[in-house]
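Structural overview
The lines below spell out each chain.
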Amino acid sequence: MKSITEIFREKKLKLTPQRIAVYDHLSHTTSHPTAEAIYKSLQENFPIMSLATVYKSLNTLLEVELISEIDLGEGNSRYDANVCDHPHIQCTECGKVEDIMGLSLSPLCKELSKHSDYTHTGTRVYFYGVCRECAKGKSKI
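Residues numbered from 1 in each chain as written. Predicted model: local features only at pLDDT ≥ 70, side-chain atom pairs only at ≥ 80, totals over all residues. Heavy atoms only, no water.

An unreviewed UniProt entry lists the protein chain under the name Fur family peroxide stress response transcriptional regulator, with Youngiibacter multivorans given as the organism. UniProt annotates the protein chain under Sequence similarities (unreviewed entry) with the comment "Belongs to the Fur family." (UniProt positions renumbered as here; feature names shortened; annotations may be inferred.)

**Concerning the pairing of strand 3 (residues 88–91)**
Walk down a regular strand and you will see the side chains alternate between the two sheet faces. Where strand 3 lies against strand 4 (residues 97–99), 3 bridges are found, and the strand directions are antiparallel. Counterpart to His88 in the pairing with strand 4 is Asp99. Between strand 3 and strand 4, which follow one another and run antiparallel, lie 5 residues, and Gly95 among them has a positive phi close to 85°. In the sheet, strand 3 pairs with strand 5 (residues 126–129) via 4 bridges, with the strands oriented parallel. Paired with His88 across the two strands is Tyr126, which belongs to strand 5. (Pairing = 2+ DSSP bridges. Helix = DSSP H or I, 4+ residues; strand = E, 2+ residues; numbered from the N terminus.)

**Some details on the packing of helix 3 (residues 35–42) against helix 4 (residues 51–63)**
When two helices pack together, their arrangement is captured by the angle between the axes and the distance separating the axes. Contact pair helix 3 / helix 4: the axes reach a minimum separation of 9 Å and the direction vectors enclose 120°. As judged from the angle between their axes, helix 3 and helix 4 are oblique. The two elements helix 3 and helix 4 meet at a crossing, and its hand is right-handed. Taking contact as the criterion, the partners of Ala35, Glu36, Ile38 and Tyr39 in helix 3 are, on helix 4, Leu51, Val54, Tyr55 and Leu58. Taken together, the residues of the contact of helix 3 with helix 4 break down into 7 nonpolar, no polar and 1 charged. (Axes fitted to C-alpha atoms, helices over the stretch in contact; angles between N-to-C directions. Parallel < 35°, antiparallel > 145°, perpendicular 65-115°, else oblique. Left-handed = near helix turned anticlockwise from the far one by under 90°. Contact = heavy atoms within 4.5 Å. Nonpolar A, V, L, I, M, F, W, Y, C, P; charged D, E, K, R; others polar.)

**Quick look at the environment of Asp71**
Relative to the helices and strands, Asp71 is located in the loop between strand 1 (68–70) and strand 2 (78–80). As for Asp71 and Tyr126, which are separated by 55 residues in sequence, their C-alpha atoms are 9.3 Å apart.

**Some details on the pattern of salt bridges**
A complete count under the given rule lists 4 salt bridges for this structure. Taking the shortest distance from any N to any O, the salt bridge between Lys96 and Glu133 comes out at 2.8 Å. A residue pair is termed long-range when its members are at least 10 positions apart, and Lys96 in the loop between strand 3 and strand 4 and Glu133 in helix 6 (residues 132–139) qualify at 37 residues. Note that Lys114 and Glu111 form a salt bridge whose closest N and O atoms lie 3.4 Å from each other. Here the residue Lys114 and the residue Glu111 both occupy positions in helix 5 (residues 106–115), the gap between them amounting to 3 residues, near one helical turn. Residue Lys114 is classed as exposed on the basis of its relative accessible area, which comes to 63%. When its relative accessible area of 34% is taken as the criterion, Glu111 is described as partly exposed. When salt bridges that share partners are traced, they join Lys96, Glu98 and Glu133 into one network. (Salt bridge = Lys/Arg side-chain N within 4 Å of Asp/Glu carboxyl O. Buried < 20%, exposed > 50% of the residue type's maximum accessible area, 1.4 Å probe, protein only.)

**Quick notes on the packing of helix 2 (residues 17–27) against helix 4**
It is the contact of helix 2 with helix 4, at a shortest axis distance of 9 Å, that shows an interaxial angle of 75°. By the criterion of interaxial angle, the relationship of helix 2 to helix 4 is roughly perpendicular. Residue-level inspection shows Gln18, Arg19, Val22, Tyr23 and Leu26 of helix 2 in contact with helix 4, the latter providing Thr53, Val54, Ser57, Leu58, Thr60 and Leu61. Taken together, the residues of the contact of helix 2 with helix 4 sort by class into 6 nonpolar, 4 polar and 1 charged.

What follows is the structure, encoded as structure tokens:
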């Protein structure tokens with residue numbers, strides 16, 4: 001797998017400390033944060049970084065396909081450094097988003113050609129439910 005440095009060099013893009021910080025944050029979390037959450041978490045180490053810079057960094061990282069954007073219909077996007085095809089599940093109570101690993105979408109993608117004349121170019125699957133913590137909280141009421 002190519003390093004972030006190699007990817008930016010190939011694309012002839014400048015690898016700034018801010019872009020590295022945003023990517024590093026995303027690659028060390030599974031919380032699928034919003035741009036605002038990333039901005040807040042980076043403020044201590046990058047106090048002069050603006051929210052606009054975070055958005056610009058995210059757009060560049062999306063452009064070079066180092067991260068993916070998740071739109072769960074909340075009005076703002078979330079971001080994920082795990083760019084392999086995988087579904088997500090969101091808790092309808094607390095909003096937490098998690099990866100679902102080990103669930104193969106290949107059979108569904110293969111079945112698609114039987115039901116459509118489209119050429120399949122990508123897959124985004126989102127599931128919704130109530131997480132264990134929220135379910136426990138409801139059972140105490």
